[in-house]
Each structure stands twice: as C-alpha cells, then as structure tokens.
Amino acid sequence: MAESGVSEPQPSVADRRFPAHRAPRCADIGELDAQLTGCRACPRLVAWREQVAVEKRAAYRDDDYWGRPVPGFGPDDAALAVVGLAPAAHGGNRTGRMFTGDPAGDFLVAGLHAVGLASQPTATGIDDGLTLRGVRMAAPVHCAPPQNKPTTEERDTCRPWLAAELSLLHPGLRAVVVLGGFGWRALLPVLADAGWQLPRPRPKFGHGTQVVLADRDGEELHLFGCYHPSQRNVNTGRLTRPMLDAVFREAAAVAGL
Ligand code: SF4
C-alpha cells in the first residue's frame, strides 16, 4: 500500500519486473510453479516457445506442445537440487516437464535411476509415472531459448524464480548438482542472495568440482559441478554414464539420500 492509501499497480505477467515482484511472495513450491507457468516477462523467449509449439518437429506433429514456462520437477522438500540450463524446444517445451522428452533428459534420468534417485530410467511425458526421490530439477531459465542460448538479460530476469525456489527448499537442501557452466554462473549469485556464503575468489565450474558452502546457521550445502548431458557432450564422450553416476552417487550420499 502506498502512503496515499492507493494500492501500487502490480506488474503484469508480461512486465519484466513480474518475476522479481511475484516470486518472493510465493508461500510454497506449488504456488511458485503456478505463478511461474503464467510468466511472459521475456518477449523473445515467449515468441520462440510459442512459435516452436505451433510449428512443431515432424516427429511430434500429433503432440500438443506445452509452449509455456516449464516449472521445476520433484518433491518440495528435496535435499538435492539439479540445476540445468533451460528447457529444450522439443523436450520440456513440448512435454511441460524438465528434462523430459529429449536425449539429455533420457541420459540424466537413466543416471538418476541407476543410483536410486528416480523411479524409472526413462522420462517420456508428463504422465509417464516418473517420480524422483529427494531430488528436484530446477533451471536458471524456464523458457526454451533459441539455440539453447538465453541472453544475459533473460537469465537475470528469470533469476527470481530460481532464487525463490531455492529459498523455499533451503531448510532441507544439502546438495546441488549443477549441469554446465551456464547454470554454475547463474546459480552462484542466487545462492549468495539466499544466504549461503561464497568463497572468494568465486569457484570456477569444472566437471568434478566440489565446493562446500555454509549458511548463516552453519548448515552446509555441497555444490557439485557436472558437464551438461547435452547430445554433444554425450556423443563426444566428454560426459559418460560412469562420470554422471559418480557425481550423483556422491551428491546423494552427502544429501543423506
Ligand atoms: Fe518468465 Fe523466466 Fe520465461 Fe522469462 S524465461 S518469460 S522470466 S519464466
């Protein structure tokens, strides 16, 4: 309420200020997901996600594409978060669920299943029965970007959604696996804002990198770097299943899963 007694106008879902205004006011993960899926704050990404949803890929021409922001996936009391990049145009943007319906998701979920964190080794659609045990998939950018490359401005505009999600998970969150350098660079300032102390100089991303952060109460958060399971990384052997499984096995152990 303004001093005059007149309510301040609320930013619309298409206003760049919408995530920063709305995300911190969400009381729980369910409300956050509901608000997030209505967001239209990035004009370029809104246009792209909706264009892809209309034009479709030939193999999916009979599918009803989601074509909206893709919320996080997994329990709202997860002890382990997985932070990727953004939904794939014909993966999450089609199915409406993170890492579902594309090769990167297949690779990741098979790895989670191998270490007991996923109920099944495949993620094909929102009704496929997949559940995650103690793990929540999150993203720094929630709409599919052209060429998988969000701009710095789009990353910063979307940041409040991730910040709010991690703040809501914070009481029980013990580990984060970050898939790729983009997610790593996007996540560090979010963790700092959410109350975790970052070392100086700030740690650099690398596969196998491990950093232990502490919050103001001394609770530890273990941060793990892992190459992104993109088709390129997998096909070139830069990221193999044993490499992925090793990271998740260790992250699950420190998270008590
Ligand atoms: Fe909103 Fe994030 Fe999508 Fe931008 S990328 S429109 S901030 S959900």
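## Quick notes on the site of the ligand
Residues in contact with the ligand amount to 13 residues; listed here are only the nearest, Cys-39, Ala-41, Cys-42, Cys-143 and Cys-158. Taken together, the residues of the shell around the ligand break down into 10 nonpolar, two polar and one charged.

## Remarks on the pattern of salt bridges
Taken as a whole, this structure holds 14 salt bridges when the rule is applied. The salt bridge involving Arg-22 is made with Glu-31; its shortest N-O contact spans 2.8 Å. According to the relative accessible area criterion, Glu-31 is partly exposed, its value standing at 24%. A salt bridge links Glu-154 to Arg-44; the nearest nitrogen and oxygen atoms lie 2.8 Å apart. Of this pair, Glu-154 sits in helix α6 (residues 152-169) while Arg-44 is found in helix α3 (residues 43-55), placing the two residues 110 residues apart along the sequence. Owing to a relative accessible area of 7%, Glu-154 belongs among the buried residues under this scheme. Residue classification places Arg-44 among the partly exposed residues on the basis of a relative accessible area of 36%. Members of the salt-bridge network, linked through shared partners, are Asp-33, Arg-136 and Glu-165.

## Some remarks on the packing of helix α5 (residues 103-114) against helix α9 (residues 241-254)
Their axes nearest at 9 Å, the elements α5 and α9 cross at an angle of 55°. It follows that α5 is oblique to α9 by the angle criterion. Of the two possible hands of crossing, α5 and α9 adopt the one that is right-handed. Contacts between α5 and α9 involve Phe-107, Leu-108, Ala-110, Gly-111, Leu-112 and Ala-114 from the former and Arg-241, Leu-244, Asp-245 and Phe-248 from the latter. Of the residues belonging to the contact of α5 with α9, the class tally is seven nonpolar, one polar and two charged.

## Some thoughts on the sheet that holds strand β4 (residues 196-197)
Here six strands make up an open sheet; going across it, the order is β2-β1-β3-β6-β5-β4 and the pairing mixed. Either end of the sheet is taken by a strand with one partner, and the two such strands are β2 (135-138) and β4. Sheet topology places strand β3 (residues 175-179) next to strand β6 (residues 220-226); five bridges connect them, and they run parallel. Within β6, the residue paired with Val-176 across the bridge is Leu-223. Where helix α7 (residues 181-193) meets the sheet, its contacts fall on β1 (80-83), β3, β4, β5 (210-215) and β6, and the angle it forms with β6 comes to roughly 170°.

## Quick word on the side chain of His-142
Checked against the element boundaries, His-142 lands in the loop between β2 and α6. Within the local environment of His-142, its side chain forms a polar contact with the backbone oxygen of Val-70, the two atoms lying 2.7 Å apart. A polar contact is formed between the side chain of His-142 and the backbone oxygen of Ala-139, at a distance of 3.2 Å. Those residues within four positions of His-142 in sequence are excluded, and the remaining contacts are Leu-36, Arg-68, Pro-69, Val-70, Pro-71, Gly-72, Pro-87, Met-98, Cys-158, Trp-161 and Glu-165.

## Re the packing of aromatic side chains
Under the criterion given, the structure shown has three aromatic pairs. Their ring planes at 65° and their centres at 5.8 Å tell us that Trp-184 and Phe-205 sit as a pair that is edge-to-face. Taken together, the residues Trp-184 in helix α7 and Phe-205 in the loop between β4 and β5 connect sequence positions 21 residues apart. Following the ring pairs from residue to residue traces out a cluster consisting of Trp-184, Phe-205 and Tyr-227. Above the ring of Trp-66, the side-chain terminus of Arg-68 is found at 4.6 Å from the ring centroid. Stacked on the ring of Phe-73, the Lys or Arg Arg-97 has its end atom at 4.6 Å from the ring centre.

## Let's talk about unusual backbone geometry
Following Arg-200, the chain continues into Pro-201 via a peptide bond in cis, with omega recorded as -5°. Summarising the element assignment, Pro-201 is placed in the loop between β4 and β5. In this structure, Phe-99 is a non-glycine residue whose phi angle is positive, near 50°. Within the secondary structure, Phe-99 is located in the loop between α4 (92-95) and α5. Under the relative-accessibility criterion, Phe-99 is labelled buried at 13%. Located in the positive-phi region is Gln-147, a residue other than glycine, with phi close to 55°. Judged by relative accessible area, which is 68%, Gln-147 ranks as exposed.

Basis of the calculations
- Every chain's residues receive numbers from 1 upward, in the order its sequence appears when written.
- Under the rules for a predicted model, residues below a pLDDT of 70 receive no local features and side-chain atom pairs below 80 are neither given nor counted, while totals for whole chains, interfaces and linings still include all residues.
- Think of the side-chain values as coming from all heavy atoms in the structure, minus any hydrogens and water.
- Nearness of a residue to a molecule or strand requires only that one of the residue's heavy atoms be within 4 Å of it.
- Throughout, the ten residues Ala, Val, Leu, Ile, Met, Phe, Trp, Tyr, Cys and Pro are labelled nonpolar, Asp, Glu, Lys and Arg are labelled charged, and all others, Gly among them, are labelled polar.
- Salt bridge, as used here: a side-chain nitrogen of Lys or Arg that lies within 4 Å of a carboxyl oxygen of Asp or Glu.
- Buried residues are those whose accessible area, probed at 1.4 Å on protein chains only, stays under 20% of the maximum for their type, while exposed residues exceed 50% and partly exposed ones sit between those limits.
- Counting from the N terminus, the helices are DSSP H or I runs at least four residues long and the strands are E runs at least two residues long.
- Helix axes are fitted only over the stretch in contact, all axes being lines through C-alpha atoms; the angle between N-to-C directions runs from 0 to 180 degrees.
- To sort the angles, those under 35 degrees are grouped as roughly parallel, those over 145 as roughly antiparallel, those from 65 to 115 as roughly perpendicular, and the leftovers as oblique.
- Left-handed describes a crossing whose near helix is turned anticlockwise from the far helix through less than a right angle; right-handed describes the clockwise counterpart.
- It only takes one pair of heavy atoms within 4.5 Å for two residues to be counted as in contact.
- Two strands qualify as a pair provided that DSSP identifies no fewer than 2 bridges between them.
- Throughout this description, a polar contact denotes any pair of N or O atoms lying within 3.5 Å of each other; where both atoms belong to protein, one of them has to be capable of donating a hydrogen while the other can accept it, and for residues adjacent in sequence the pair is counted only when both atoms sit in side chains.
- Only Phe, Tyr and Trp rings take part, Trp by its six-membered ring, and two of them pair if their centres are within 6.5 Å. Stacked means planes under 30 degrees apart, edge-to-face means over 60, and tilted covers everything else.
- Two thresholds decide whether a charge sits over a ring: the Lys NZ or Arg CZ must be within 6 Å of the ring centre and within 35 degrees of the ring normal.

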